[in-house]
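Structural overview for review
Listed below are the residues making up each chain.
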Amino acid sequence: MKRVLVATGGGDCPGLNAVIRAIVKRASKEKDWEVVGSIEAFNGILREPTEIMILDEKTVSGIHYRGGTILGTTNKGGPFAWPVKDKDGNWTEVDRSDEMIRKLQYLGVDAVINIGGDGSQRISQALFEKGCNIIGVPKTIDNDLSATDSTFGFQTAIQIATEAVDKLVTTAASHNRILILEVMGRYAGWIALNAAVAGGAEICLIPEIPYDIDKVMKKIDSRFTKGRGFVNIVISEGARAIGANFTIQEEEGNELGYHNLRLGGAANKLIHELKSAGCPYDMRETVLGHLQRGGVPIAYDRVLATQFGVKAFELVLEGKSGVMVSYRHPYISSVPLTDAIARYNYVDPDTALIKTARGVGISFGD
Ligand code: F6P
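On a predicted model such as this, the values are computed, not experimentally measured, just so you know.

Comments concerning the environment of N17
Relative to the helices and strands, N17 resides in helix α1 (residues 16-27). Considering only alpha carbons, one finds N17 and K269, 252 residues apart in sequence, at a separation of 36 Å. With sequence-adjacent residues up to four places away left out, N17 is seen in contact with I63, R66, G67, G68, T69 and I70. Within the structure, N17 has its side chain in polar contact with the backbone oxygen of R66 (distance 3.1 Å).

Written as structure tokens, this is what we have:
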């Protein structure tokens with residue numbers, strides 16, 4: 001039997017289980033292939049004892065609509081930056097990639113399918129350069145990967161954010177308030193932009209268009225007459241005023257030898273900025289957080305995830321390596337991993353959806 005190993009890395013995302021299921025179902029049509037999964041990204045391979053699970057049709061039955069990942073995941077460490085304590089008790093990183101490749105050989109793994117975002121695909125490329133047969137599958141709610149039209153999980157996140165805007169609109173109107181919804185997306189404003197258009201917000205603040213607080217205030221004032229009116233604002237966690245830095249909740253993990261800026265607090269900061277600018281209206285913030293990543297993937301994401309899973313296994317069958325599955329409408333194809341990690345997919349301020357948003361009166365505070 002030949003073996004393909006599946007891993008899910010980085011933040012979880014609705015649709016991961018649908019990809020795993022599709023890989024297993026497609027593989028089961030071949031007589032000579034079996035699928036195994038590594039627990040918590042590649043940690044399962046590197047741990048002693050090894051933590052891998054056999055993925056057969058029974059294991060994946062009915063998981064396509066379950067959120068999260070049955071394999072578990074992590075956005076810390078990895079084979080090239082494994083956290084260890086040195087003799088003085090300080091955390092440092094070691095490169096265990098060669099050891100991992102040897103372990104994969106020992107386990108009889110012929111190919112690896114690595115489902116993950118930008119960080120995970122960088123690991124895929126580095127493993128490929130070390131001779132590992134590897135296929136990447138793009139995953140992120142942020143939609144910030146450039147070599148694919150879309151990633152699964154993104155539309156589910158938009159749906160959840162839009163439902164939140166819908167709820168906030170009614171309470172904003174009842175109380176003559178400004179209600180501010182902070183959404184995820186890291187340095188890309190796609191979730192905020194889509195939710196603002198779909199939910200009918202008046203103001204949308206995204207990382208790609210730093211805002212001028214006076215312009216935000218002007219738009220707010222235009223919505224109030226004699227103290228009556230309401231405003232709904234959707235703000236990306238990565239949005240910031242012109243000249244300001246990102247709002248950082250925590251600089252994570254320095255002592256573990258990895259570095260990650262955890263964004264958060266942009267809505268709260270905006271309230272303070274608006275108060276300083278003399279905003280007289282009642283303001284409240286809602287931070288949607290991980291609700292955007294959890295739970296059932298919507299149908300679109302299940303379909304895309306299933307397409308990605310089938311394609312990933314077919315690339316393995318074709319003997320391809322060092323490539324990532326990609327959706328380029330209407331095709332599911334593949335691109336070199338080097339292209340996939342070359343640049344991010346940020347919102348271009350001239351993109352059609354920004355123009356649409358401006359066309360319906362949404363202000364970006366610029
Ligand atoms: O990349 C997905 C994402 O949810 C971002 O939108 C967000 O900034 C980040 O992950 C949060 O990461 P964590 O779950 O580690 O707090």
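A word on the nonpolar core
Grouped together as the largest cluster of nonpolar side chains are 64 residues, with contacts concentrated most on I113, I115, V137, F152 and F364. No other element matches helix α6 (residues 154-175), which puts 8 residues into this core. Structurally, this core is a two-domain feature, drawing no fewer than three residues from each of domain 1 (2-152 + 297-329) and domain 2 (155-293 + 348-359). Those residues in contact with F364, other than ones at most four positions away along the chain, are L193, C204, L205, I206, I209, Y211, I354, A357 and R358. If you look at the next biggest cluster of nonpolar residues, it comprises 23 residues, including I180, I203, I235 and M283.

Digging into the site of the ligand
Lining the immediate surroundings of the ligand are N75, I141, D142, M184, G185, R186, E237, R262, H290 and R293. Taking N75, its side chain carries an N or O atom lying 3.0 Å from an oxygen atom of the ligand. One of the side-chain nitrogen or oxygen atoms of H290 is found 2.8 Å away from an oxygen atom of the ligand. Contact with the protein chains hides 85% of the accessible area of the ligand, taken as 390 Å² for the molecule alone. Among the residues forming the shell around the ligand, the class breakdown is 2 nonpolar, 3 polar and 5 charged. Each of domain 1 (2-152 + 297-329) and domain 2 (155-293 + 348-359) gives at least three residues to the shell around the ligand.

The rules behind the values
- Residues numbered from 1 in each chain as written.
- Predicted model: local features only at pLDDT ≥ 70, side-chain atom pairs only at ≥ 80, totals over all residues.
- Heavy atoms only, no water.
- Helix = DSSP H or I, 4+ residues; strand = E, 2+ residues; numbered from the N terminus.
- Contact = heavy atoms within 4.5 Å.
- Polar contact = N/O pair within 3.5 Å; in protein donor to acceptor, adjacent residues only side chain to side chain.
- Core = buried A, V, L, I, M, F, W, Y, C linked by side-chain atoms within 4.5 Å.
- Buried < 20%, exposed > 50% of the residue type's maximum accessible area, 1.4 Å probe, protein only.
- Domains from an automatic or database assignment.
- Near = heavy atom within 4 Å.
- Areas by Shrake-Rupley, 256 points an atom, 1.4 Å probe, with all protein chains shown as cover.
- Nonpolar A, V, L, I, M, F, W, Y, C, P; charged D, E, K, R; others polar.

Keep in mind these values describe shape, not function.
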